[in-house]
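# Analysis of the macromolecular model
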Amino acid sequence: MSQEQMKIPQATAKRLPLYYRFLKNLHSSGKQRVSSKELSDAVKVDSATIRRDFSYFGALGKKGYGYNVEYLLSFFRKTLDQDETTKVILIGVGNLGTAFLHYNFLKNNNTKIEMAFDADPKKAGTSIGEVPVYAMDDLEEKVRESNIEVAILTVPAGPAQGITDRLIDLKVKGILNFTPARLSVPEHMRIHHIDLAVELQSLIYFLKNYGTEDVE
Ligand code: ATP
């Protein structure tokens, strides 16, 4: 990552893909400028936050004009679509894993699941949505061969840490963890936890207690 990109705060960086997707749609519908209000309504981020985010990458909106869509898009393309595709694997081809393989993030053209792994011998040797599924015994060889940087974990919680330890040894840089297990990883590895059951429960809790009010 370049120096320029390192200065962007993490919270802003997390919103970039959201902005990017919306701007791509705007651009393909022929729009040349967009106001922070329009962006705010579309991506559901308040306009003050959008203005602050955009100021980090030198996009200064003009009053009554808004932002230049072309300029923003070229910035996002440079920042998000880094020249090389990030190589991703998926481990655990169950219901959730299979859905991801079919979806395969094709709309984000810098990420692609290259291959998948599963302990079930009936699944190894098959392909799902053009992604080959290999046996867990092949993990080390395949990951080394292909310089894999990121792994998506969709296995049950039980084996998650053991698999993570293998990924650590393989110098994989990041894990997107869909298992409910809280995994231990060394400092140089980044892990994002997405527990869909917890997210759903939390949505329901907030709806019951706060309705649609904003809670900071
Ligand atoms: P299914 O309907 O295929 O059983 P599921 O999502 O309900 O899927 P889970 O028990 O959550 O099933 O398992 C998800 C996937 O992880 C399964 O395909 C399973 O074979 C695989 N799996 C289980 N243990 C391991 C392991 N130790 N290493 C790799 N894959 C594993």
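For the structure itself, look to the data block above.
We now turn to the structure provided with this report. What you see is a predicted model; the values in this text were computed from it and never measured. Numbering of residues starts from 1 in every chain and runs along the sequence as written. Local features are withheld for residues below a pLDDT of 70 in this predicted model, meaning they are given only at 70 or higher, and side-chain atom pairs are given and counted only at 80 or more; totals for whole chains, interfaces and linings count all residues. As a rule here, side-chain values cover all heavy atoms of the structure and leave hydrogens and water aside.

### Brief notes about helix α9 (residues 196-210)
Every α-helix carries 3.6 residues per turn, so stepping three or four residues along brings you back to the same face. Note the following rule: Here a helix means four or more residues in a row that DSSP labels H or I, a strand means two or more in a row labelled E, and each is numbered from the N terminus. Expected helix span is given by 1.5 Å per residue-to-residue step, counting one fewer step than there are residues. Here a polar contact is recorded for every N or O atom pair within 3.5 Å, except that within protein the pair must consist of a potential hydrogen donor and a potential acceptor, and residues adjacent in sequence are included only if both atoms are side-chain atoms.
In this model, α9 (15 residues) spans 21 Å end to end at C-alpha, consistent with the 21 Å of a helix rising 1.5 Å per residue. One side-chain oxygen of the residue at the start of α9 lies 3.1 Å from the amide nitrogen of alanine 197, identifying that residue as aspartate 195. Glycine 211 sits one or two residues past α9 and shows a positive phi near 60°.

### A look at the nonpolar core
Operational definition: Working definition of a nonpolar core: buried Ala, Val, Leu, Ile, Met, Phe, Trp, Tyr and Cys residues. They are joined through side-chain atoms within 4.5 Å. Type-normalised accessible area, obtained with a 1.4 Å probe on protein chains alone, sets the label of each residue: buried when under 20%, exposed when over 50%, and partly exposed for intermediate values.
Counting residues in each nonpolar core, the largest one holds 22 residues, and the members touching the most others are Ile89, Ile91, Leu139, Leu153 and Leu167. At the level of elements, β3 (86-91), β4 (111-118), α7 (139-146), β7 (150-153) and α8 (157-169) are the ones that each hand at least two residues to this core. Sorting elements by how many residues they give to this core places α8 first, with four residues. Grouped together as the second largest cluster of nonpolar side chains are 20 residues, Leu23, Val43, Val69 and Leu72 included.

### Some thoughts on the site of the ligand
For clarity, the cut-off: A single heavy atom is enough: if one lies within 4 Å of a molecule or strand, its residue is considered near that molecule or strand. Residues are sorted three ways: Asp, Glu, Lys and Arg are charged, Ala, Val, Leu, Ile, Met, Phe, Trp, Tyr, Cys and Pro are nonpolar, and all the rest, Gly among them, are polar.
Around the ligand sit 14 residues, and of these Gly94, Asn95, Asp118, Lys123 and Pro159 come closest. Within the contact set of the ligand, a nitrogen atom lies 3.2 Å away from a backbone nitrogen or oxygen of alanine 119. One nitrogen or oxygen atom from the side chain of lysine 123 is found 2.7 Å from an oxygen atom belonging to the ligand. Residues of the shell around the ligand, tallied by class, amount to seven nonpolar, four polar and three charged.

Read these as layout, nothing more, since geometry by itself doesn't imply function.
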